[in-house]
Amino acid sequence: MTKQNSLRYLLMLFLLPLAQHAFSFAPGMPVELQCEHLIRPIGIDAPNPRFSWKMNDPRQGARQLAYRIVVGRDSAGLVSGKETVWASGKLASASNLVSYQGKALEAFTKYYWLVETWDKDGKAASATSSFEMGMLKSANWKGTWISDSQDPNTKPAPYFRKVFAAEKKIASARAYVACGGLYELYLNGRKVGNHRLDPMYTRFDRRTLYVTYDVTSQLQTGKNAVGVLLGNGWYNHQSTAVWDFHKAPWRNRPTFCLDIRITYADGSTETVSSGRDWKTALSPVIFNSIYTAEHYDARQEQLGWNIVNFDDSKWRGVIPRSAPSDNIVAQALHPVRNVETVPARSMNKINDTAYVFDLGRNISGVSQIRVSGKAGTVIRLKHTERLYANGRVDMSNIDQHYRPTDDKDPFQTDIFILSGNGEESFMPHFNYKGFQYIEVTADQPVQLSQQSITGYFMHSDVPVLGKVSSANPTIDKIWFAANNSYLSNFFGYPTDCPQREKNGWTGDAHIAVETGLYNFDGITVYEKWLADHRDEQQPNGVLPSIIPTDGWGYEWGNGPDWTSTIAIIPWNIYKYYGDSKILADNYSNMKRYVDHITDIAPSGLTEWGLGDWVPVSTKPPVEFTSSVYYFVDATILAKTAKLLNKPEDAQQYAALADKIKAAFNQKYLNTGTSSYGTGLQTELSMPLYWGLVPEDQKAKIAANLAKKVQEANNHIDVGLLGTKAILNALSENGYADLAYKVAAQETYPSWGWWIVNGATTLYENWRIDAKNDISLNHIMFGEVGAWLYKGLGGIFTDEQQPGFRNVILRPNFVTGLDHFEASHEGPYGKIVSSWKKNGNAVTYEVTVPPNSTATVYFPLNGRQKAYAGGKVAGEKTQLQAGKYAFEIR
């Protein structure tokens, strides 16, 4: 590179942040640079991190002809070549997802990376970002695992503290925290970061997560105080319920290991660590349970416990502990946060000691109360999803699996004991709940207002990728409710419900995965959860029905219809992101799982599973539904083997899929009547959706499915597994109008039935008056959220060009809906599919992101044609990047 060009690049690197802030990006500029699917991550352990970017180029036909990546220790060196650790060279490729292939990366080191791209005209543009390595290996930890001397049944949470000196000017500082349980970290009196419930839940005795924080701004030259508050989480489960988490093999008093690595301005480093010189005391958090609630006695507060000048002479020494596991790895995912503030919509004063607050919507998270009262006043905050007719809160729908040993741990009920020092506030540290209503009761009169209670919607803070809007308010509300239930059940792993269980039910997760992927950037959480699968899998390939687990679920609830997560979720991540790493990481696990089913079901049919859970009224045999998922797993495994260049495996599992399909059709398909089984909605829709129907039978099976739905007055009669298939089976086989009628229904049974009865989230049961299985915030019927993108917007991935490298567009301009728009921010940029009816014509607008293409299939009826700029477009039209408008008439 010439000296002149070097100066140009240095100037560009200096001015780029200002330009990005003040001006729009130049056409062709790489934007949204990510490392390991995160923006400027710190504390990662990946030896070959993945780099990704998008092109900012609104021009028609925008594409990337080539790219170049440079990685180095110095941002200026990316141009000069100084301290470069990898340079890819210029590669003629449209790829925007590339793995690092340079020298071994070093722990605790910040690296800068530059990506230079060449646009369709051959013009180059570049942008820079950074990432920072974490521990990389356990030997790099300096700290000791410590705890207090209390046993696991001790209720109060422990404080820990240490004062240390940083005598030189500080250039940067990082805190690395690993924990069995949960923690909050404090420096000089202030909480570090805005994460909640760190670290994320894992099988603690097999994998322990650590989190990295930039604490440069919270340290000071001279004396500093570091404080840690430990919570139980799933590590020390003290509440008793049917899943026996209180008997977990790893259970113990919470423990942590901490390193604060300080880099001084002179280049020297110092590490301040957890060890025997720390001190501990019990905190005012007198009880905490991730499952039930938190109790706090403000009279026991020790003001200033985490600042330098606090007198800790009465505190005790700590004890060293063994690590929960030998596998301590970075938590590289979007964290849980208080994402949204939800003020109380109304307050009902029952009397001077009882108030009921309504947030106006169902959320996962916590409430915060602000209240004044006499010292010792006991405030109870009971969180529920329903009210009794008399206006008091009703939790009879969500406490059915709780098995308390006494009355000291009421379900979803925080307890706050006042100190009497003016206005006080309380929000749980180590708990979350599912609720809409909060009943506040006190043992002495208190004065509250509507502003006294605030709700906080907590979940993994995954970026929003999708949006749906239509001319039908009920459809829009269904989409909103599906998203709210999805987020309410995303806490570092996907759960079923945020109140009654908080369990990682596998079936719920694979049914809802596409709803998640169309709407949110969840890859980091799913990669973590599939690592949980690897931790939990038995040597024979069996997985439990809930993941993570303490051991419950290997004997009930698992089987192909549920634990197909091991295949379905990695395959969907590949389709939506174009990233095959999750397939490679889990390939052997997928194989062991499918091989186990083959061992127990040599005929090609299996009865292992739960079946179509919580159906409206009809349910196929378990063998029917589980064998379908066995076929799905074998098919995915064959495709994955081919992708990973394992031709013998690809051939073996493709043959297995054919065998399952043949056995299934031989037993269940009646070619004379073109029906499956007894002709139930689930029996007709699942084979259609999952690809088991012979080609010459598809139209007839679809017609029979349509007839069956019409006989039900255009309503569903399916359970969990059927909801994944039925709308898609209809809309993808010529019956989109009928699918829309079913999706938009407002009478029982339907999603709209919930909405017109006040739902802001999805329910667990079609019957609102059901006596059990009636959580009001469940994600298991959530496929409808994904179907809106597919069945109406027509946005599909292309398996041959995954990650929306080529977008498949099959919109359906359904009868009864005048306007619909869906957008999705894919790996290449924003995809838009929008249509609006104008009399007998339809205007269809499309946005294809830069460096991507689209294949459009127009749903033309009779003599209709699609026009663009006055010219006729084909029924199947290939588009380059850009914005397009068509008229169908």
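Procedures and definitions
Residues numbered from 1 in each chain as written. Predicted model: local features only at pLDDT ≥ 70, side-chain atom pairs only at ≥ 80, totals over all residues. Heavy atoms only, no water. Helix = DSSP H or I, 4+ residues; strand = E, 2+ residues; numbered from the N terminus. Rg over C-alpha atoms; globule rule 2.2 N^0.38 Å. Contact = heavy atoms within 4.5 Å. Areas by Shrake-Rupley, 256 points an atom, 1.4 Å probe, with all protein chains shown as cover. Lys, Arg positive; Asp, Glu negative; His and termini not counted. Charge placed at Lys NZ, Arg CZ, Asp CG, Glu CD. Pairing = 2+ DSSP bridges. Axes fitted to C-alpha atoms, helices over the stretch in contact; angles between N-to-C directions. Phe/Tyr/Trp six-rings, centres within 6.5 Å; stacked < 30°, edge-to-face > 60°. Buried < 20%, exposed > 50% of the residue type's maximum accessible area, 1.4 Å probe, protein only. Lys NZ or Arg CZ within 6 Å of the ring centre and 35° of its normal. Salt bridge = Lys/Arg side-chain N within 4 Å of Asp/Glu carboxyl O. Core = buried A, V, L, I, M, F, W, Y, C linked by side-chain atoms within 4.5 Å. Polar contact = N/O pair within 3.5 Å; in protein donor to acceptor, adjacent residues only side chain to side chain.

1. Thoughts on the overall build of the protein
Next, step 1: Counting secondary structure elements, the protein contains 16 helices and 45 strands.
Next, step 2: Its C-alpha atoms give the protein a radius of gyration of 28 Å, within 12% of the compact-globule value 29 Å for 889 residues.
Next, step 3: The long-range share in the protein, meaning contacts at least 24 apart out of those at least 6 apart in sequence, stands at 74%.
Next, step 4: Taken as a whole, the protein presents about 32600 Å² of accessible surface, with 48% of it coming from carbon and sulfur.
Next, step 5: For the protein, the centre of its 90 positive side-chain charges and the centre of its 88 negative side-chain charges are spaced 5 Å apart.

2. Digging into the sheet that holds strand S5 (residues 97-99)
Next, step 1: Across the sheet, three strands lie side by side as S1-S2-S5; this open sheet has antiparallel pairing. Both outer strands of the open sheet, strand S1 (29-35) and S5, are each paired with one neighbouring strand and no more. Recorded for the sheet is a direction-independent mean angle of 25° between the axes of neighbouring strands.
Next, step 2: Here three bridges tie strand S2 (residues 50-56) to S5, and the two strands are oriented antiparallel to one another. If you follow Ser-52 over to S5, its bridge partner there is Leu-97.

3. Here we look at the packing of aromatic side chains
Any aromatic ring pair is given by two values, namely how distant the centres are and how the planes are angled relative to each other.
Next, step 1: In total, this model carries 61 aromatic pairs according to the counting rule given.
Next, step 2: Ring centres 5.8 Å apart and planes at 85° place the aromatic pair Trp-505 and Trp-552 in the edge-to-face group. With Trp-505 in the loop between helix H3 (473-488) and helix H4 (506-519) and Trp-552 in the loop between helix H5 (523-536) and helix H6 (560-563), the pair connects residues that are 47 residues apart, well separated along the chain.
Next, step 3: On the numbers, 6.2 Å between centres and 35° between planes, the contact of Trp-754 with Phe-781 is tilted. With a gap of 27 residues between them, Trp-754 in helix H15 (residues 751-756) and Phe-781 in the loop between H15 and helix H16 (783-792) connect regions that are remote in the sequence. Each member of the pair, Trp-754 as well as Phe-781, carries the same accessibility label: buried.
Next, step 4: An aromatic cluster of three or more residues is present, and its members are Tyr-201, Phe-204, Trp-234, Tyr-235, Phe-245, Trp-250 and Tyr-493.
Next, step 5: Lys-502 extends its terminal NZ or CZ atom over the ring of Tyr-432, reaching a point 4.8 Å from the ring centre.
Next, step 6: The ring centre of Tyr-867 lies 3.9 Å from the NZ or CZ of Arg-889, which sits over that ring.

4. So, the pattern of salt bridges
Next, step 1: One pass over the full model with this rule turns up 46 salt bridges.
Next, step 2: Asp-532 serves as the salt-bridge partner of Arg-207, at 2.2 Å between the closest nitrogen and oxygen. Placement of the pair is Arg-207 in the loop between strand S12 (190-191) and strand S13 (208-214) and Asp-532 in helix H5, with a sequence separation of 325 residues. In terms of burial, Arg-207 and Asp-532 fall into one category: buried.
Next, step 3: Glu-340 serves as the salt-bridge partner of Arg-361, at 2.7 Å between the closest nitrogen and oxygen. Residue Arg-361 is located in strand S25 (residues 354-371), and its partner Glu-340 is located in strand S23 (residues 336-343); the two are separated by 21 residues in the primary sequence.
Next, step 4: In this structure Arg-361 comes out as buried when scored by relative accessible area, which is 13%.
Next, step 5: Here Glu-340 falls in the partly exposed class, since its relative accessible area comes to 33%.

5. Description of the environment of Gln-652
Next, step 1: You can see Gln-652 is positioned in helix H10 (residues 647-668).
Next, step 2: Classification of Gln-652 as partly exposed rests on a relative accessible area of 43%.
Next, step 3: In this structure, the C-alpha to C-alpha distance between Gln-652 and Tyr-486, residues 166 residues apart in sequence, is 36 Å.

6. Focus: the pairing of strand S19 (residues 294-297)
Side-chain direction in a regular strand flips from residue to residue, so the side chains alternate between the two faces of the sheet.
Next, step 1: Because side chains alternate across S19, one face comprises the buried residues Glu-294 and Tyr-296, and the other comprises His-295 and Asp-297, equally buried.
Next, step 2: Note that S19 and strand S29 (residues 413-417) share three bridges and pair parallel. Counted as the bridge partner of Tyr-296 is Phe-416 from S29.

7. Examining the nonpolar core
Taken as a class, soluble globular proteins show a tendency for nonpolar side chains to be buried jointly.
Next, step 1: Membership of the largest hydrophobic core comes to 203 residues, with the highest contact counts inside it found for Phe-416, Trp-751 and Tyr-844.
Next, step 2: Per-element accounting of this core gives the leading share, 11 residues, to helix H9 (residues 622-643).
Next, step 3: With 28 residues, the next largest nonpolar core counts Ile-146, Leu-187, Phe-256 and Trp-278 among its residues.

8. Some points on the side chain of Arg-361
Next, step 1: Engagement of the side chain of Arg-361 in a polar contact is seen with the side chain of Glu-340, the distance being 2.7 Å.
Next, step 2: Apart from the residues lying within four places of it in its own chain, the contact partners of Arg-361 are Glu-340, Val-342, Phe-435, Gln-436, Phe-457, Phe-480, Asn-484 and Thr-760.

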